[in-house]
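Now for the letters of each chain:
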Amino acid sequence: MVGKEELLAKAEDVADQILRRSKHILPHIARLCLISTFLEDGIRMYMQWGEQRDYMDASWGCGYFLATCFVFINLFGQLGGCVMVLWRFKVDIACAILFIIVVLQTLAYSILWDMQFLLRNLALIGALLLVLAESRVEAKSLLAGVPSLGDNKQKTYLQLTGRVLLVFMFVTLLRLEISFMQVNNLVRHQKVV
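**Some details on helix H5 (residues 64–86)**
Helical periodicity: at 3.6 residues per turn, an α-helix aligns residues three or four positions apart in one direction.
And step 1. Relative to the 33 Å expected for 23 residues at 1.5 Å per residue, H5 spans 33 Å between its end C-alpha atoms, a close match to the ideal helical length.
And step 2. Residues of H5 that are buried include every one of Ala67, Phe70, Val71, Asn74, Leu75, Gly77, Gln78, Gly81, Cys82, Met84 and Val85, and no others.
And step 3. Packing partners of the buried residues in H5 comprise helix H2 (26–34), helix H3 (36–47), helix H4 (49–60), helix H6 (91–108) and helix H7 (115–135).
And step 4. Remark: Arg88 follows H5 within two positions and exhibits a positive phi of approximately 55°.

**Remarks on the confidence of the model for the protein chain**
And step 1. Counting all residues, the mean pLDDT for the protein chain is 81, and 81% of those residues have values of 70 or more.
And step 2. H5 holds the highest mean pLDDT among the elements of the protein chain, 92, whereas helix H9 (residues 180–192) holds the lowest, 59.

**Some remarks on the packing of aromatic side chains**
And step 1. Per the stated rule, a full pass over the model turns up 3 aromatic pairs.
And step 2. Summarising the aromatic geometry, the rings of Phe70 and Tyr109 are spaced 5.8 Å apart at their centres and angled 80° between planes, so their arrangement reads as edge-to-face. Separated by 39 residues along the polypeptide, Phe70 in helix H5 and Tyr109 in the loop between H6 and H7 bring together distant segments of the chain.
And step 3. For Phe70, a relative accessible area of 9% translates into the label buried.
And step 4. These aromatic residues form a ring-pair network of at least three members: Tyr55, Phe70 and Tyr109.

Quick notes on the rules
Residues numbered from 1 in each chain as written. Predicted model: local features only at pLDDT ≥ 70, side-chain atom pairs only at ≥ 80, totals over all residues. Heavy atoms only, no water. Helix = DSSP H or I, 4+ residues; strand = E, 2+ residues; numbered from the N terminus. Expected span 1.5 Å × (residues − 1). Buried < 20%, exposed > 50% of the residue type's maximum accessible area, 1.4 Å probe, protein only. Contact = heavy atoms within 4.5 Å. pLDDT = per-residue confidence, 0-100. Phe/Tyr/Trp six-rings, centres within 6.5 Å; stacked < 30°, edge-to-face > 60°.

So this is what it looks like as structure tokens:
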């Protein structure tokens, strides 16, 4: 019994040391994880510039110039927003830019009615809300050391909404292909039982 307690105490000490050393790095890693989709998409947009432009021109028939403008706005909006978030430079503006990019892509790629992509985009908006909430400064208490109630409601609501929307990313991993006939058979089977 003493061996377990000593082992647990040693493990707690090691975990505490790791947390103390990494607490300055963890917020940067968290931000990087939350915006990684935008970063990856921006890099892919750069690497596949011609293909992206040709796809927009072919699918929308908007011409070479407008397709190039779309890819340019998409590329620099995503990479610029990511850099601003990572450097903590005007994070609210960076999140607004990335939000506009999500809406722009949803409309441009006609994925508004594709449930999987819609849920993915809602999850991206949730990640942006979490980044925005993280950037908000905690309200100062009037009395030193005494927490104040209700001063951070906006941050709390941003975190709640962001976390709920982020769950949609995991919902997209599920294959929910239920037709009307399957539901009808399920209901009929339940009546029999």
